[in-house]
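Chains, contacts and geometry: an overview
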Amino acid sequence: QAKAAGRGTFKFFSTDMDERILTRRALDADMRRGLDRDEFFLLYQPRYEADTMRLRGVEALVRWRHPQRGLVNPGEFIPLAEETGLIAPLGARVLRMACEKAVTWPDLSVSVNVSPAQFRSADFVKTVSDTLAATGLSPKRLELELTEGVLLEDVERSGRILADLKALGVMLSMDDFGTGYSSLGYLKSFPFDAIKIDQRFIADLQATGDARAIVQAILGLGRALGLSVTAEGVETAEQLALLRQDACEEVQGYLMARPLAAEEIDKMRGEQGSRHSAA
Ligand code: C2E
Ligand code: MG
Ligand code: MG
Ligand code: MG
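Let us look at the structure shown here. Keep in mind that what you see is a predicted model, and the values were worked out from it rather than measured.

This part is about the overall build of the chain. Counting its regular elements, the chain contains 12 helices and nine strands. Partitioning the intrachain contacts of the chain with sequence separation of at least 6 by distance along the chain shows that 67% fall at a separation of at least 24. Carbon and sulfur atoms provide 51% of the accessible area of the chain, an area that totals close to 14,000 Å².

Next up, the structure:
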């Protein structure tokens, strides 16, 4: 930006900028090709009931198996897909794969991340409803994870979409809670079922200190509003112990399990076995 100062607008497009645009174009084309060739797949990270450590559900996390670059994480392509609109077909694919898998895991719920552009795309509610119909997944076993970004623009329209989703019977959760904007007001006025405490608060969690106070406040808020609360990014036994002490309902993180291939979830369910009856 400083480069542009005192010069014509044209100069703003420096060589760096040209390269960035080219790279983005190449990435976009690459993603379209990847979608055609089914290079996107899902890992599933277990979510556990904190009290009993019973496996309750999984969060679907997209990965790209790139023919040259190998395994690519969502942070490297989701933001661009949101800008180009490719997130709608990619998100629809993710939703379809997650629901198909979830049908084979009748005792688990599956959470799927929905980005703001996907949420706002014209036929999102229809996509969800069609996917449920096509896969036969019970709506209450599908949880959509939304970030506060979905609520930023056109609050009225967002409210209608959320109400339409609720009417389908799916669960709605607020992801990365505590990092965004008017969190409290939104929670009260929109039909969320659950919140996920942002992992940066969990990373800083200690017996004393600000992070604990914040986590306790969020847990209190969840109880007051009747929302279930998940702590994500749990990496240490101490964090887990504190969360249990503070009556956090659900935990997710590397301490318990990393994002896993579907087959590993199959195995885990086998091991947990018939101790718990199917829902
Ligand atoms: P998120 O929804 O907040 O997902 C949690 C992220 O934290 C995941 O990263 C997960 O692998 C990571 N994580 C889980 N436990 C731990 C832990 O104990 N420690 C640490 N350091 N990290 C942990 P991932 O898979 O790279 O996904 C990053 C973000 O990309 C997600 O954040 C989500 O916002 C987005 N994303 C992933 N899959 C999808 C998708 O299918 N659609 C959309 N729209 N976004 C997605
Ligand atoms: Mg999430
Ligand atoms: Mg999160
Ligand atoms: Mg996140």
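The next point concerns the coordination of the magnesium ion (ligand 2). Distances from the magnesium ion (ligand 2) to its protein donors, Glu-59 (OE), Asn-113 (OD1), Glu-145 (OE) and Asp-175 (OD), fall within 2.0 to 2.2 Å. Donor residues binding the magnesium ion (ligand 2) come from one chain and are separated in sequence as E-x53-N-x31-E-x29-D. In this structure the magnesium ion (ligand 3) is found 4.0 Å away from the magnesium ion (ligand 2), and Asp-175 serves as a bridging donor for the pair. One end of the pair, Glu-59, is in strand 2 (residues 55-66); the other, Asp-175, is in strand 6 (residues 171-177), and 116 residues separate them in sequence.

The next thing to look at is helix 12 (residues 262-272). All of the buried residues in helix 12 are Ala-262, Ile-265 and Gln-272. Relative to the axis of helix 12, the buried residues are bounded by an arc of 75° and lie together on one face. Opposite the buried face of helix 12, at more than 90 degrees from it, the exposed residues are Glu-263, Lys-267, Gly-270 and Glu-271. Buried residues along helix 12 sit in contact with strand 1 (40-49), strand 2 and helix 4 (87-103).

Further remarks concern the coordination of the magnesium ion (ligand 3). Put simply, the ideal angle at a metal is 109.5 degrees for four donors in tetrahedral geometry and 90 or 180 degrees for six donors in octahedral geometry. Only Asp-175 (OD), Asp-176 (OD) and Glu-232 (OE) from the protein coordinate the magnesium ion (ligand 3), and they sit 1.8 to 2.3 Å from it. For Asp-175, a relative accessible area of 7% translates into the label buried. Note on Glu-232: relative accessible area 6%, which makes it buried.

As a volume, the largest pocket reaches approximately 1,100 Å³. As for the largest pocket, its lining consists of 44 residues, and the residues nearest its centre are Glu-59, Leu-61, Asn-113, Asp-175 and Asp-176. When contributions to the lining of the largest pocket are tallied by element, the ones reaching two or more residues are strand 1, strand 2, helix 3 (78-84), helix 4, strand 4 (109-114), helix 5 (116-120), strand 6 and helix 9 (199-203). Here the lining of the largest pocket is composed, by residue class, of 17 nonpolar, 15 polar and 12 charged.

All right, on to the packing of aromatic side chains then. Summed over the entire model, instances satisfying the criterion amount to five aromatic pairs. On the numbers, 5.6 Å between centres and 85° between planes, the contact of Trp-64 with Phe-77 is edge-to-face. In this pair, Trp-64 is assigned in strand 2 and Phe-77 in the loop between strand 3 (70-72) and helix 3, connecting sequence segments 13 residues apart. Like Trp-64, the residue Phe-77 is buried in the burial classification. When the centroid spacing of 6.2 Å and the interplanar angle of 50° are considered together, the rings of Phe-119 and Phe-124 count as tilted. In textbook terms, an aromatic cluster arises when at least three aromatic residues are bridged by ring pairs, as seen for Phe-40, Trp-64 and Phe-77. Its guanidinium or amino end placed over the ring of Phe-41, Arg-65 lies 4.1 Å from that ring's centre, counting from NZ or CZ. It is Arg-258 that lies over the ring of Tyr-254; its NZ or CZ is 3.8 Å from the centre.

Further remarks concern the site of ligand 1. Lining the immediate environment of ligand 1, one finds 22 residues, of which Arg-63, Asn-113, Asp-175, Glu-235 and Tyr-254 sit closest. In this structure, Asp-176 approaches ligand 1 through a side-chain N or O atom, which is 3.2 Å from an oxygen atom. When ligand 1 is considered free in solution it has 800 Å² of accessible area, and contact with the protein chains removes 82% of it. Among the elements of the structure, strand 2 and strand 6 are those that each provide at least two residues to the shell around ligand 1. Element by element, the count of residues in the shell around ligand 1 is highest for strand 2, at four residues. Of the residues in the shell around ligand 1, the class split is eight nonpolar, seven polar and seven charged.

Another aspect to go through is the packing of helix 6 (residues 124-135) against helix 7 (residues 155-168). Running from amino to carboxyl end, helix 6 crosses helix 7 at an angle of 10°, the nearest separation of the two axes being 10 Å. Relative to helix 7, helix 6 is oriented roughly parallel. In this structure, helix 6 contributes Phe-124, Val-125, Val-128 and Ser-129 to the contact, and helix 7 contributes Ile-161, Asp-164, Leu-165 and Leu-168. Residues of the contact of helix 6 with helix 7, tallied by class, amount to six nonpolar, one polar and one charged.

Here the focus is the side chain of Gln-252. Counting through the fold element by element, Gln-252 comes out in strand 9 (residues 250-252). A distance of 2.8 Å separates polar atoms of two side chains, one belonging to Gln-252 and the other to Gln-45. If we skip the residues at most four places from it in the chain, Gln-252 touches Gln-45, Pro-46, Arg-47, Glu-59, Lys-196, Thr-230, Ala-231, Glu-232, Gly-233 and Val-234.

Cut-off values and rules
- All chains use their own residue numbering, which begins from 1 and follows the written sequence.
- To label them, take the chains in the order written and letter them from A, then take the ligands in the order written and number them from 1.
- Where totals are concerned, whole chains, interfaces and linings use all residues; where local detail is concerned, this predicted model gives features only for residues with pLDDT of at least 70, and gives and counts side-chain atom pairs only at 80 or more.
- Remark: hydrogens and water are excluded; side-chain values derive from all non-hydrogen atoms of the structure.
- Secondary structure elements follow DSSP: runs of H or I no shorter than four residues count as helices, runs of E no shorter than two count as strands, and numbering proceeds from the N terminus.
- By definition in these notes, contact holds between two residues if any of their heavy atoms fall within 4.5 Å.
- Every accessible area reported is derived by Shrake-Rupley at a probe size of 1.4 Å, with residue values counting cover from the shown protein chains alone.
- The rule for donors is simple: N, O or S, within 2.8 Å of the metal, or within 3.2 Å if the metal is Na, K or Ca. Water isn't counted, so a site may look like it is missing partners.
- Relative accessibility under 20% of the residue-type maximum defines a buried residue, over 50% an exposed one, and the middle range a partly exposed one, all with a 1.4 Å probe and only protein chains included.
- The directions considered for the arc run from the helix axis to the C-beta atoms.
- As defined here, a cavity is a set of points on a 1 Å grid over the protein atoms alone where a 1.4 Å probe fits but cannot get out. A pocket is an open set with protein on both sides within 12 Å along at least five of seven lines, and residues line them when an atom is within 4 Å of a point.
- Grid points are joined across faces, edges and corners, and a volume is the space filled by probe spheres set on the points.
- Residues are grouped as follows: Ala, Val, Leu, Ile, Met, Phe, Trp, Tyr, Cys and Pro are nonpolar; Asp, Glu, Lys and Arg are charged; every other residue, Gly included, is polar.
- What counts as a ring pair is set by centres within 6.5 Å for rings of Phe, Tyr and Trp (its six-membered ring), and what kind of pair is set by the plane angle: stacked under 30 degrees, edge-to-face over 60, tilted for all other angles.
- In this scheme, Lys NZ or Arg CZ marks a charge over a ring once it lies within 6 Å of the ring centre and within 35 degrees of the ring normal.
- We call a residue near a molecule or strand when any one of its heavy atoms sits within 4 Å of it.
- Counted as a polar contact is a pair of N or O atoms within 3.5 Å, where, for protein atoms, one must be capable of donating a hydrogen and the other of accepting one, and residues adjacent in sequence contribute only when both atoms are in side chains.
- Axis definition: a line fitted to C-alpha atoms, over the contacting stretch in the case of helices. Angles run 0 to 180 degrees between N-to-C directions.
- Reported orientations rely on four angle classes, namely roughly parallel under 35 degrees, roughly antiparallel over 145, roughly perpendicular from 65 to 115, and oblique for the rest.

Any functional reading would require information that these geometric values do not contain.
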